[in-house]
Structures are given as C-alpha cells and as structure tokens.
Amino acid sequence: SAVISQKPSRDICQRGTSLTIQCQVDSQVTMMFWYRQQPGQSLTLIATANQGSEATYESGFVIDKFPISRPNLTFSTLTVSNMSPEDSSIYLCSVEDRLAGGPSEQFFGPGTRLTVL
Amino acid sequence: GENVEQHPSTLSVQEGDSAVIKCTYSDSASNYFPWYKQELGKGPQLIIDIRSNVGEKKDQRIAVTLNKTAKHFSLHITETQPEDSAVYFCAASKSNYQLIWGAGTKLIIKP
C-alpha cells in the first residue's frame, strides 16, 4: 500500500494564525483526501484534493478557512486559516490506492495534531 | 443521507477471548465496508474490508460478516491479544472514497 507522511506531526499555534500541513505519498495517486478528527471523535471529511483542479469541499467546510493545494500526484497541502481553539483537532491525509490486481482502498497518514491556544 | 451506527462504544474483553463489534447502515446502495484500527497517536489503519458480493471474509484472527438484507456488518476478532487494544472504526460507502464513518469502538484487552 501507499506510504503516506505528514508534516508537521504536531503543533501548538496561537489563535488568529494559520498553519499549513503537508502530505507526501510515495507513489502517484489520483485521489487525496483531508479529514478532521476532533478529540475522541470519529473522522469527518473536509475535502477531496484533485490534481489540476480545485478541491471539492464537504458541507460545513469552505475554501477560505481550509485552502488546499494539489500541485502533483504525490503531494497536497491543507491550510487551517485564522485559527481558533475550536480548530484543535487531528488532521489526517488519506489516499485512494489500488493494490496490484485488486480493488482500490483508502489509506491514511499518521496525522497532524493541532492545538490552538 | 447515509448513516452508520456502531456498537458498542467501549468493549472490554479478557485476553484470549473473542471480540465482536457491530455496525448498521441506512443506505441499501452501499457496497463497500472497511474496518480501520486506530492506535493512540496514529492514523487509522485498514485491517479488513468486504464488498457486497460476499457475505464473509477472513484474515487470520480477524473476520468480517455482512448481512445485506438487515443492513449490518460485524468485525470479529478471535484469540484477542494486548496489541489488539485500539479504537476500531467501521465505514460504509457507495464508492470507495466517500466513506461514512461509525462513531468508533474502544477495545480494551484485559491481561
């Protein structure tokens, strides 16, 4: 399966600032996704990052707050803008990958743990 | 829209015993059902999945069963070990990437 890395692994930020999270995959993938996981909760899809086009955002998430870049098939960034304590969460990158001869499946990076003071 | 309910929220079993986690889904068009394991401080790890053309799938100590008529699927872990302690998430999808997630089950293996 694809190997996914994220930077930073964790950060503590002041309210009103912005943080950009990077996601790197060791192989070319068509679809990359960004999720948010609030403490003790399940995963919520923020957006689908499409190479060569704008990201597709889920209900409740907007581009001004969570701008996403997808410059190529192995990399994406998510920016959390104008942060408030409510943005404290784990942010996860995932990719859809197809094993040789098999169906596609979704794999996750290790996550970025963000605390906003 | 699709809704996935997962039970129990916490499950404590004796080491060596079996653990069963159950999920129900609402959209009969769902056809893909993965299970993820999330250890503390890590991202979710895909441990097994099943598609709607089969009723059961097994991988060593882990099995998943699917009842399409009742719209529920279950994760079975046999001979539990301390390293099985984690949070487990089920999900359902009509396509492989639009996953609808359950709330998660914290599995505790007692020595």
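Quick notes on the rules
Residues numbered from 1 in each chain as written. Chains lettered and ligands numbered in written order. Predicted model: local features only at pLDDT ≥ 70, side-chain atom pairs only at ≥ 80, totals over all residues. Heavy atoms only, no water. Helix = DSSP H or I, 4+ residues; strand = E, 2+ residues; numbered from the N terminus. Rg over C-alpha atoms; globule rule 2.2 N^0.38 Å. Buried < 20%, exposed > 50% of the residue type's maximum accessible area, 1.4 Å probe, protein only. Contact = heavy atoms within 4.5 Å. Pairing = 2+ DSSP bridges. Salt bridge = Lys/Arg side-chain N within 4 Å of Asp/Glu carboxyl O. Core = buried A, V, L, I, M, F, W, Y, C linked by side-chain atoms within 4.5 Å. Polar contact = N/O pair within 3.5 Å; in protein donor to acceptor, adjacent residues only side chain to side chain.

S.K.: Quick rundown of the overall build of chain B? Include the residues and the values.
M.R.: For chain B, the helix and strand inventory stands at 0 helices and 11 strands. For chain B, whose C-alpha radius of gyration is 13 Å, the value lies close to the compact-globule estimate of 13 Å for 111 residues. With the C-alpha coordinates of chain B rotated into their principal frame, the extents come out at 40 × 25 × 20 Å. Counting all 111 residues of chain B, 45% fall into the buried class. Relative to all contacts within chain B whose residues are 6 or more apart in sequence, the contacts with residues 24 or more apart total 53%.

S.K.: Outline the pairing of strand S9 (residues 86-92) of chain B, supporting the account with residue identities and numerical values.
M.R.: Residue and element names in this part refer to chain B. Here S9 lies mainly inside the structure; 6 of its 7 residues are buried. Pairing geometry for strand S4 (residues 32-38) and S9, over 4 bridges, is antiparallel. Bridged to Trp35 within S9 is Cys90. Pairing between S9 and strand S11 (residues 105-110): 3 bridges, direction antiparallel. Each bridged residue has a counterpart across the sheet, and for Val87 the counterpart in S11 is Lys106.

S.K.: Give a description of the pattern of salt bridges that names residues and reports values.
M.R.: Residues and elements named next belong to chain B. According to the stated counting rule, one finds 6 salt bridges over all chains in the structure shown. Lys42 serves as the salt-bridge partner of Glu39, at 4.0 Å between the closest nitrogen and oxygen. Residues joined by salt bridges that share partners form a network here, namely Asp49, Arg51 and Lys57.

S.K.: Which residues make up the nonpolar core, and what are the values?
M.R.: Most often, soluble globular proteins keep nonpolar side chains buried together rather than apart. If you look at the biggest cluster of nonpolar residues, it comprises 42 residues, and the most contacted ones within it are Trp34 and Tyr35 of chain A together with Trp101 of chain B. Membership of the second largest hydrophobic core comes to 24 residues, among which are Leu11, Trp35, Ile62 and Ile77 of chain B.

S.K.: Please give an account of the environment of Leu107 of chain B that cites residues and values.
M.R.: All names here are of chain B. Within the secondary structure layout, Leu107 lies in strand S11. Overall, the relative accessible area of 1% leaves Leu107 in the buried class. For the pair Leu107 and Thr24, spaced 83 residues apart in sequence, the C-alpha to C-alpha distance is 18 Å. If near-sequence neighbours (up to four positions away) are discounted, Leu107 is found in contact with Leu11, Val13, Ala19, Ile77, Asp84, Ser85, Ala86 and Tyr88.

S.K.: Describe the side chain of Ser42 of chain A, and please don't skip the residues or the numbers.
M.R.: Of note, Ser42 of chain A is situated in the loop between strand S4 (31-37) and strand S5 (44-50). The class of Ser42 of chain A is buried, set by a relative accessible area of 15%. Polar contacts involving the side chain of Ser42 of chain A include one to the main-chain carbonyl oxygen of Gly102 of chain B, which spans 2.6 Å. With near-sequence residues (within four places) excluded, Ser42 of chain A lies in contact with Arg36 and Gln37 of chain A together with Phe89, Trp101, Gly102 and Ala103 of chain B.

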